[in-house]
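Each chain is listed here by its residues.
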Amino acid sequence: MHEKEIEYFSNGLKLANDELIIDSIASFQSLINDFPKSELADDASYNISLLYYKINQFEKSIENLLKLIDLYPEGKISTMDTSNEVGSIVEKAKYLLVQCYLALDNVKKAEEIFDKMLNDGETYLINNGEKKLYYDLTKDSIRIFKEM
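Since we're looking at a predicted model, the values are computed, not measured. (Residues numbered from 1 in each chain as written. Predicted model: local features only at pLDDT ≥ 70, side-chain atom pairs only at ≥ 80, totals over all residues. Heavy atoms only, no water.)

Draft legend 1. Region of interest: helix α3 (residues 41-54). Taking 1.5 Å as the rise per residue, α3 with 14 residues should run 20 Å; its terminal C-alpha atoms sit 20 Å apart, in good agreement. Taking burial as the measure, the 14 residues of α3 include 11 buried ones, the bulk of the element. If you check which residues of α3 are buried, you get A41, D42, D43, A44, S45, Y46, N47, I48, S49, L51 and Y52. Positioned one or two residues after α3, N56 has a phi angle of 60 degrees, which is positive. (Helix = DSSP H or I, 4+ residues; strand = E, 2+ residues; numbered from the N terminus. Expected span 1.5 Å × (residues − 1). Buried < 20%, exposed > 50% of the residue type's maximum accessible area, 1.4 Å probe, protein only.)

This is the structure:
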């Protein structure tokens, strides 16, 4: 991995933590533009989508997530920014995609995305020592949304 890739990614994370959203997006986008085949490019794309989600730009987040799924179908979650997640970046992206559709009150579209998720047990996060599958988190999100 090229030193500049790591620099862009680390800088993007730092800027996001400092809540400098636009600058963080620009840093992640620079990584994607300069190193589109980097193993961090899919994670940078995911982080851009997450940042758009955090500022309620759900349509932009959706657009970016759909592009990520198309461009990086075999992408894996990087352990560079966290060591508590493993598995497919696409399945993680689908989880965020469902959150975006729920935020837009589009349960039908959220359920369509969920129906395409894999329940393979290999894409998860660890929270307080407990393994939580993105598949189960997504199913629970839809259920809770419908109960509200």
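Moving on, there is more to tell.
Draft legend 2. The environment of E111, seen in detail. On the secondary structure map, E111 appears in helix α6 (residues 107-115). Note on E111: relative accessible area 27%, which makes it partly exposed. Expressed as a C-alpha distance, the spacing of E111 and L65, which sit 46 residues apart in the sequence, is 16 Å. In this structure, E111 is in contact with I142 and K146, ignoring residues within four places of it in sequence. (Contact = heavy atoms within 4.5 Å.)

Draft legend 3. Summary view of the side chain of E85. You can see E85 is positioned in strand β1 (residues 85-86). Of note is the side chain of E85, whose polar atom sits 3.0 Å from the side chain of K92. (Polar contact = N/O pair within 3.5 Å; in protein donor to acceptor, adjacent residues only side chain to side chain.)

Draft legend 4. Layout of the side chain of Q99. Looking at the element boundaries, Q99 is found in helix α5 (residues 89-103). A residue is classified by how much of its surface remains accessible, and Q99, at 13% relative accessible area, is buried. In this view, Q99 contacts Y53 and S141; residues no more than four positions away in its chain are not counted.

From the geometry alone we can't say anything about function, so treat these as descriptive.
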